[in-house]
Amino acid sequence: MHFRPALIPTLLLALAAVGLAQAQPREAGGVLTDAAGLTLYVFDNDLTVPGKSVCINACALSWVHLAAKDTDKPQGDNTIIVRDDGQKQWAYKGRPLYRFVNDKKPGDKMAEGMRGAWHVARP
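Residues numbered from 1 in each chain as written. Predicted model: local features only at pLDDT ≥ 70, side-chain atom pairs only at ≥ 80, totals over all residues. Heavy atoms only, no water.

Chemist: Explanation requested: the pairing of strand β6 (residues 88-92) in the structure shown.
Modeler: When you tally the buried positions in β6, you get four out of five residues, the bulk of the element. Two elements, strand β5 (residues 78-82) and β6, share five bridges in a ladder whose sense is antiparallel. By the bridge assignment, I80 is partnered in β6 with W90. Hairpin geometry of β5 and β6 is characterised by an intervening segment of five residues between the two adjacent antiparallel strands and by a positive phi of about 90° at G86. Here β6 pairs with strand β7 (residues 95-96) via two bridges, running antiparallel. Considered in β7, the bridge of Y92 is made with R95. Hairpin connection between β6 and β7: a loop of two residues separates the two successive antiparallel strands, and K93 in this loop has a positive phi of roughly 50°. (Buried < 20%, exposed > 50% of the residue type's maximum accessible area, 1.4 Å probe, protein only. Helix = DSSP H or I, 4+ residues; strand = E, 2+ residues; numbered from the N terminus. Pairing = 2+ DSSP bridges.)

Below, the structure is given as structure tokens:
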């Protein structure tokens, strides 16, 4: 495979955009989203133990936690929790945040109300 030198800046920007998708949550149109604009959700079952994610194992296959990097710092209502596996996860007002794997583009909210326990995260 041969890359043209002019494509290198484009590839670097694309790789940077992937990294940005893990940035802290932001408000967009009355809902919380990740850096790529994908809808974030909260899980009612997380309310049983404040500041803890109970979405593990099979649950985590459909609900991707919004990962925080070691260098990320909490800001305002955006906080960081530590999952049981040691990974860091963004939370909003102490509620862990997730993306639904079937939401493919900004504005998708396919999981709103799913199983009566998943809800779009709102500021």
